Amino acid sequence: MAHWDVPLTTEESEFNQVFAKYGGIYITGTNTKQLIETCLEIGVSVITSLNQQTHRDIPVIFNVIKDTTISAKSTLINGKFFIGVNIGAILGIFSLFYRMLSHPEILPHYGNVKAEQYDEKIYDAKTGDLRTIMDYSEEPIFPRCDIRRALAETLFFSFLRMTILHEYAHISKGHLAFKEKYFMFKNAETVKLVNPNDENIILQGFEIDADAFAIYGLFSHLTHLLENKGKLGELTICYTNNQNAIFLTCFAISCSFRIFGNFDWDIDNLSEKKNPPAHVRLYAALVFINNYIKEKSMVPENEVREIFFHANNEAEIAFSKISLQIPSFEHDTKALDPGTMEHYGNIYHKFLEIESLLKKTEPY
Ligand SMILES: [Zn+2]
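Residues numbered from 1 in each chain as written. Predicted model: local features only at pLDDT ≥ 70, side-chain atom pairs only at ≥ 80, totals over all residues.

A.B. asks: Looking at this structure, I do not really get the packing of helix H5 (residues 146-172) against helix H8 (residues 199-227). What am I missing?
C.D. replies: For any two helices packed against each other, the geometry comes down to the angle between their axes and how far apart the axes lie. Packing of H5 against H8 leaves a shortest axis separation of 8 Å and a crossing angle of 135°. Put simply, H5 runs oblique to H8. Judged by the twist between their axes, the crossing of H5 over H8 is right-handed. Facing H5, whose interface residues are Ser-158, Arg-161, Met-162, Leu-165, His-166, Ala-169 and His-170, H8 presents Phe-206, Asp-209, Ala-210, Asp-211, Phe-213, Ala-214, Gly-217, Leu-218 and His-221. (Axes fitted to C-alpha atoms, helices over the stretch in contact; angles between N-to-C directions. Helix = DSSP H or I, 4+ residues; strand = E, 2+ residues; numbered from the N terminus. Parallel < 35°, antiparallel > 145°, perpendicular 65-115°, else oblique. Left-handed = near helix turned anticlockwise from the far one by under 90°. Contact = placed C-beta atoms within 7 Å.)

A.B. asks: Teacher, can you tell me more about the nonpolar core here?
C.D. replies: Ranked by size, the top nonpolar core spans 99 residues in total, and within it Ile-93, Phe-97 and Ile-289 carry the most contacts. Counting residues per element, this core draws most heavily on H5, at 13 residues. (Core = buried A, V, L, I, M, F, W, Y, C linked by C-beta atoms within 7 Å. Buried ≥ 20, exposed ≤ 12 C-beta atoms within 10 Å, placed from the backbone.)

A.B. asks: Help me out: how do you make sense of helix H11 (residues 301-322) in this one?
C.D. replies: Note that an α-helix has 3.6 residues per turn; residues three or four places apart therefore point the same way. In a regular helix each residue adds 1.5 Å, so 22 residues correspond to 32 Å; H11 covers 33 Å between its end C-alpha atoms and thus fits that length. Three or more residues of H11 are buried, namely Val-304, Ile-307, Phe-308, Phe-309, Ala-311, Asn-312, Glu-314, Ala-315, Glu-316, Ala-318, Phe-319 and Ile-322. (Expected span 1.5 Å × (residues − 1).)

A.B. asks: Looking at this model, I keep getting lost on the sheet that holds strand E1 (residues 60-65). Mind explaining?
C.D. replies: Neighbouring strands of a sheet are bound in pairs by backbone hydrogen bonds; such pairs are parallel or else antiparallel. A sheet is described by the order of its strands in space; here three strands give the open sequence E1-E3-E2, paired in mixed fashion. The open sheet has two edge strands, E1 and strand E2 (72-77), and neither has a second partner. This sheet shows a mean twist of 20° between the axes of neighbouring strands, independent of strand direction. Pairing of E1 with strand E3 (residues 80-86) involves six bridges; the strand directions are parallel. By the bridge assignment, Phe-62 is partnered in E3 with Ile-83. Against the sheet, helix H1 (residues 10-18) engages E1, E2 and E3, with an angle of about 65° to E1. (Pairing = 2+ DSSP bridges.)

A.B. asks: How should the environment of Glu-362 be read in this particular structure?
C.D. replies: For Glu-362, the location among the structural elements is in the segment after helix H13 (338-360). The spatial distance from the C-alpha of Glu-362 to the C-alpha of Glu-301 is 34 Å, given a sequence separation of 61 residues. Look past the residues within four positions of Glu-362 in its chain and what remains in contact with it is Lys-173 and Gly-174.

No statement about biological role is implied by the geometric values presented.
So, in structure tokens, the structure goes:
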């Protein structure tokens with residue numbers, strides 16, 4: 001790990017160079033060391049097991065970028081892939097979940113809420129920059145109840161896992177290579193195959209495809225945990241049945257969409273954006289979760305939608321309790337709006353059209 005008193009390894013130096021314009025590699029100090037160490041361990045284990053499952057040996061260098069904005073990046077340089085999670089995303093989201101679980105009215109059915117008393121609001125929980133969140137609190141805020149603290153950490157690691165899986169999908173499914181070939185370095189030959197005017201809709205398709213991969217990976221991990229409850233430790237008390245387990249995973253997913261997505265969308269001009277509108281992602285997530293749960297018969301099919309939107313509303317409440325955001329309870333209506341579904345359909349069909357070309361750009 002990049003630590004202030006240890007020289008960088010070769011991989012760390014490469015990573016540092018690749019993300020130089022964003023501040024390079026994050027050098028940990030003593031107070032962040034343990035958290036960053038765990039994040040790196042999770043990142044490496046996620047990537048290694050994905051490479052094993054897909055029988056690929058994609059060289060992926062994973063580390064933390066010294067950038068305080070709440071974001072993650074993946075890039076392809078000379079045949080090597082780099083995944084970086086910004087330190088802003090790590091510390092910001094970690095503190096966000098700590099703040100949430102410190103609040104007695106957020107996820108009140110888990111652990112002992114009587115121990116919690118935090119009710120300070122931060123200005124904007126959806127802020128794009130860690131510095132804004134950190135400015136609001138001098139004292140570190142953390143849940144007093146051990147179970148709630150462990151739950152906050154689990155939610156954070158679900159978020160991290162989802163982010164890494166999402167970025168890995170951009171690599172392994174050939175999105176990055178396709179983007180380079182057909183949009184960045186387009187020529188007469190490639191333009192015949194892919195219309196550059198379709199760039200936005202194709203890029204939106206890649207995001208949805210990466211979300212599908214991430215959600216599937218997150219739920220596979222959950223299934224693994226439920227089959228090996230010993231690994232849950234003190235959290236067994238939270239993951240009492242499949243419904244609870246799905247609810248908490250959906251809660252982490254809903255929080256990610258609030259952090260990375262913009263819910264203030266308007267239904268017009270959907271094709272002018274490079275990222276799919278948050279409600280389209282929400283709808284797509286429901287489709288993927290439903291498919292997974294159906295395949296594994298985790299809960300009766302008619303319960304999935306209810307659990308999903310319940311988690312989504314709880315995330316909305318959580319954000320409004322710790323920040324000055326006014327909650328909106330129309331996300332389910334918007335996610336199931338015919339306009340959302342139609343746009344999802346358009347993305348999907350365009351994706352099918354280019355899928356064979358995409359396969360050709362997959363690494364190995
Ligand atoms: Zn993405």
